Structure formats: structure tokens, C-alpha cells
Amino acid sequence: MDNDIIPKQPTYYEEVERKGYSRRDFVKFVSLMTAFIGLEQSAIGQVAKAMQTKPRMPVIWLHFQECTCCSESFIRSSHPIVADILLDKISLDYSETLMAASGTQAEAALKNTMTKYKGQYILCVEGSVPMGADGVYCMIGGKTSFQILNEVAEGAAAIIAWGSCASNGCVQSAKPNPTKATPIHKLITNKPIVKVPGCPPIGEVMAGVIVHYLTFGVIPELDRLGRPKAFYNKRVHDTCYRRPFYDAGLFVESFDDENAKNGYCLYKMGCKGPTTYNACGVTKWNGGTSFPIQAGHPCIGCSEENFWDNGRLYDRASAFAGFGIEADADTLGKVALGVTLGAVAVHAVATNFGKSKTIHDHMEEGNESEHELES
Amino acid sequence: MANKYLHIPRLRRVYVWELPVRFYHWLNALVILVLIITGFYISNPLGLLSHHDASHQYTMGWFRYLHFAAAYLFFFNFIFRLYWGFVGNKFANWKQFIPTSKRFFKEMWLVFKIDILMLKKDGKEQDHLSIGHNAMAGFIYFLTFIAFLVQCITGFGLYAGMSSWWLPKLFSWVPSVFGGDILTRQIHHWSMWFFILFAVVHVYLVFYHDYVEGRGEISGMGGGFKFIEEEMFEKNAHQTPNPEREDEKK
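Values in this document were obtained by computation on a predicted structure and should not be read as measured data.

Caption draft 1: Just the packing of helix H14 (residues 329-354) of chain A against helix H7 (residues 181-213) of chain B, in detail. Viewed as axis vectors pointing N to C, H14 of chain A and H7 of chain B meet at an angle of 10°, and their least axial separation amounts to 10 Å. The orientation of H14 of chain A with respect to H7 of chain B, classified from their angle, is roughly parallel. For the pair formed by H14 of chain A and H7 of chain B, the contact residues are Ala 329, Gly 333, Ala 336, Leu 337, Thr 340, Leu 341, Val 344 and Thr 351 of chain A on the first element and Gln 186, His 189, Trp 190, Trp 193, Ile 196, Leu 197, Val 200, Val 201, Tyr 204, Tyr 208 and Val 212 of chain B on the second.

So this is what it looks like as C-alpha cells:
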């Protein structure tokens, strides 16, 4: 992306300076971000240069069906500059939650950015788009979410799908999904889309994605599910500090037992760490303070597609669709095993009647041969 | 006894299951048993009470290790069996498993009538001779091969993330098809029950055939021989499709 043609936008560094941060704070922030987005140390200079020379990136942040936990997470990311630089200074031209303007003014700002920076702005989407009943479940300024999304996506350079709602539908799309909540990638197919799932995603991860785009002008490398590899290529389980207890076979059996006090693995409490790809075990939350498992709670797999329908939160096994809430695969399997054994027993008994003559003839034949051997 | 004029047939020894097939069969049985046991343990491990530190034990680790080791054996054994379906004898040929002719379906129906429904014809019990697999069994084995494939694909798909070897990495696309590891793991777990149910029916039917037909069904997988009545050769009455014979490819 060529930012240079954007008229008279101050650079990030200029903005940071104006805000009263020292050069030292700035460099700390740059180092932090470089590490987070998975670059090597030598890239710190590259990131710093981008922050100093490139003008602020115009960003439009749309909110649809969501709870704003993504925004909350973002403004609480560990380094103060993260929030400051990327929200205050990102030139967040439109964001329902954070902008000062409202009503006609806000709509005007949106329109202004869309025309002025056509093809250059980043579109961040928080929330899923309801497609049911012609989209009436989420309308802003008389337009449906889908209309707004289409209009704004048209001139966007790239789209970032913030959080599980925008990435895979999250709780709104849980069965039976009455509003037909739909993630962004199923609606917009002609733009590069970065999925940053999580409910919410980690603030540093969100900042990292933006810094990466700013530095290199392209979206970060994505995995097969469209998530940045730098943050989503490892299971929570594989980076969990309780992993040694898992390997040793030491598990918490109930939330108030001795094993829980000892900090054993939460696998049997339904921890979804082994099936969840996220940076929680490494980056942690609230400035590296903790993450769910460290706080003694199993991971619920909030950054995984369909985590509401694909499993119970406190159980490894999941309900088997169509057989009621309590029927997991093993319950059904045991019933099927019982039925099979019963059928086999019935068949075994029936064989002695249905094939009685054959069996009798064979017995006679065998007995006769046995007698001949005797004589 | 002589006044009964018993017909005592002469039996001919037929080499049905070649050594590689027998080897495959028993290795497969063993690794599937190991995979089921370790798989159950991994999905729901025992609550160990230990006064040791975590560094002194590796219980879950060993179960997982066994599971993965058995999985590799299972996979290569499976590949080998597919290969043997092309180079082995007629009883091991892939045509015994995949219905390619009308005759196959007709025989399946026949087996169903004779062995499951135990229907009689003109008041007489019917006999049916398939020297290798009967068509019904062959088709069920075809389904097990599909189950093998499902387990290999989902299993290696889940394993790929931890591996640096190219072979499991070939399957790293799998979880994304199911939207993530959660569903992939569940499919892996559900499919496992097919193996348990199959094993029950399979073992029962082997006993059934040996009991009713007396042709060495059980020992066949030991020494490879079955014992077939002389007149069956004369009448050419056996049902086994012979891939080497052109006139049977209808």
C-alpha cells in the first residue's frame, strides 16, 4: 500500500511525540510489537522506520452483531502506546463505539473517509452480519449491516475480521442461528481478509496485525483458516505451562480438589486447549498477567469455529447431534455395543434352529469318521 | 451306522490366506486393539493419585506415544494391504471388496438370505460356498477400509501440528476442512466405535461359519488353509469371483 499520496497525515511517531511519549517509550513499543508479530530482532529498525515515515493509516471500524469485547480488549492491550497509537492515532475515522461524532456527523465522516482514501483504508469489522429476514436484526442509520459492509468493503485495501463473531460467527451463529449470523469471509470474497478470532482476541495480537500491515503494506501470512500464523499456529495446549502435568497424567478431577490446588492439568475439566489455536499461553492477557488456564479455568476454545455447538464447555466429550444433550459418542457407542451383542446372541440361538439339519448332518459325519478311526 | 448311507465328502485343502494376508490380519488386530485402548485412555485418562512430582512420571505421554507408534504401524500395514490387493492371490484381490459386477450384489443378497434370515428353499436348508470372503463380508471389509482411511486422515490431521516429518504434514489440511481440531477430534473418536462394533460381529461370524460349515474358517487365518468338498471343484459351485477369469467380468 502506498501511503505517501495521503495528504498531510502526520506519521505515527509524530503523533506519539505530540502526545508526550518519550523516544524510549516509542522504541519499547516498537520492540514489543516486533516480537509479537513474530519478526526477528533485526526487523525492529524496519518497524520503527515504518512508524516514523508512514502516515497514519485511515481505518474504518464497523460494529455489527457483537458485544464490543474486541474493542474492550484492544484498548486494554499492555503497552499504553498500543491503545493510544492504534486507536487515537490510527486515524480511526469511524468507529461506533469510540468516535466522538454521532448521527449525521458520523455518517459524514464515514463517507468522507471512504471517498478520500478509496482503496487505501483498512476496514475492521467487529461482529457478524445477520442475513436472516433481509438483515433487519442489525441496522444502523436505516441500512442493514450487509448493505453497510458491502459499501465500505468496496473501497477497502484489506479487511480485518476482529474476533470470533466476524471470523466464524461465534455465539450468534450457534444453533439454531435465528438471525442467520454470518462471518465476513462468507460475504466478501474479493478482498484480502485477516481473521483474528477469539472472544475477544488478545489486544496485543490485534495491535500486532495492524503494525504488520503498516510496516509491510501487506497482510500477515495466514494459515489455512485465514488466521495470522504468527499468533494462531500453535495450540494453547502446546504452549501451556501446565503441559507437564498433562504428560505426567496428573489431572484436576473437580474444581475444588487437591489436584486443582496443585495446579494440575485441566484436561478432564473439559479444557479445549488441545484443540484451540491461539497465543494465550505465550502472550497471555492484561499485559502478560495471566490467562484462563493460569487462573484455574479450562480453556473454552473461544477462538475456534463453532465452539458453542462443537462441545460442552466443561466436558471433553460433546453431545452427539440428534440424540439429546446427554448423549455423547461413548454413551451411544455403549448402547450400539449392547444392541450388537444382543443381535449376535439372538442370531447364535436362531442358528441352532435355522441350520439344525446342516449342523446335525455335520455332527453325524464327524461322529461316523470318529467311529471308523476307533475300529 | 452303515445303514444310514452317510455321504462323507472328501475334503481338499485350499490355500486361501497367504502369509502376508495373515500377517496383515493379526498385526492389524493387535494395533487396532492398542489404538482403541490407548485412544480411550487419551480421551478420558484415569484419575491418578500420585505423590510424585510431574517430572517423575510420564503416564499420559506413554499412552500417547503408544497410540502414535501403533498408528504408524496401522497406517503402513494398511498401505501394504492395499498393495497386496493388486498382487496377492484371488482371495486377496481388491475385487473381493469393491462391488464391480451384478454378480457381487446378487451374492450379497444370497448371503443375506442364507446367513442372516436363514431362509429355506423347498423346505431344505441352503448352503452357500464362498471360499474366500463372501460378497457381504467383502463389502463390509470395504467399509472398514473407508473407516481406516477416516481414522488415518483425521488422526494424522490432528498429529500434523506436532510433527516435523513430511508424512504427517501431508495431512495438515485436514482440520481446516472441519473448521478446526474440535470437530476433527470428535470424528476420530466417533469412528472408533465402528471398529468395536465390527470386531464383535466379525469374531461372531467367524465362529458361526466354522460351526455351520465346518470348513476351517477359524483356523484359516492361522495356517491359511480352508477345506473344501471335492464335488465343489467338480461342480465349480463356489461363488468366489475370480479376477483372473475373463468370462466372469460381466
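Additional details are given in the paragraphs that follow.
Caption draft 2: How the structure looks around helix H2 (residues 23-36) of chain A. Residues and elements named next belong to chain A. Its 14 residues give H2 an end-to-end C-alpha distance of 20 Å, which sits within 8% of 20 Å, the value for a rise of 1.5 Å per residue. Listing the buried residues of H2 in full gives Phe 29, Val 30, Leu 32, Met 33, Thr 34 and Phe 36. In the stretch just after H2, Gly 38 is the one whose phi turns positive, near 80°.

Caption draft 3: Structural detail: H7 of chain B. Residues and elements named next belong to chain B. Helix length check: H7 (33 residues) gives 47 Å between terminal C-alpha atoms against 48 Å at 1.5 Å per residue, within 8%. Regarding H7, the residues found buried are Asp 181, Ile 182, Leu 183, Thr 184, Arg 185, Gln 186, His 188, His 189, Met 192, Val 212 and Glu 213. One or two positions beyond H7, positive phi appears at Gly 214, with a value near 60°.

Caption draft 4: Just the confidence of the model for chain B, in detail. Residues and elements named next belong to chain B. For chain B, mean pLDDT is 84; residues scoring 70 or higher make up 91% of the total. Note on residues 246-250: pLDDT is under 50 here. Beyond four places in sequence and across chains, it has 5 contacts. Here the predicted complex scores 0.82 on pTM and 0.79 on ipTM.

Caption draft 5: Region of the structure containing the interface of chain A and chain B. Taken together, the 44 residues of chain A in the interface contact 40 residues of chain B. The element contributing the most residues to the side of chain A that touches chain B is H14 of chain A, with 10 residues. Considering only residue class, the side of chain A that touches chain B consists of 15 nonpolar, 15 polar and 14 charged.

Here is what the cut-offs are and how they apply
Residues numbered from 1 in each chain as written. Chains lettered and ligands numbered in written order. Predicted model: local features only at pLDDT ≥ 70, side-chain atom pairs only at ≥ 80, totals over all residues. Axes fitted to C-alpha atoms, helices over the stretch in contact; angles between N-to-C directions. Helix = DSSP H or I, 4+ residues; strand = E, 2+ residues; numbered from the N terminus. Parallel < 35°, antiparallel > 145°, perpendicular 65-115°, else oblique. Contact = placed C-beta atoms within 7 Å. Expected span 1.5 Å × (residues − 1). Buried ≥ 20, exposed ≤ 12 C-beta atoms within 10 Å, placed from the backbone. pLDDT = per-residue confidence, 0-100. Nonpolar A, V, L, I, M, F, W, Y, C, P; charged D, E, K, R; others polar.

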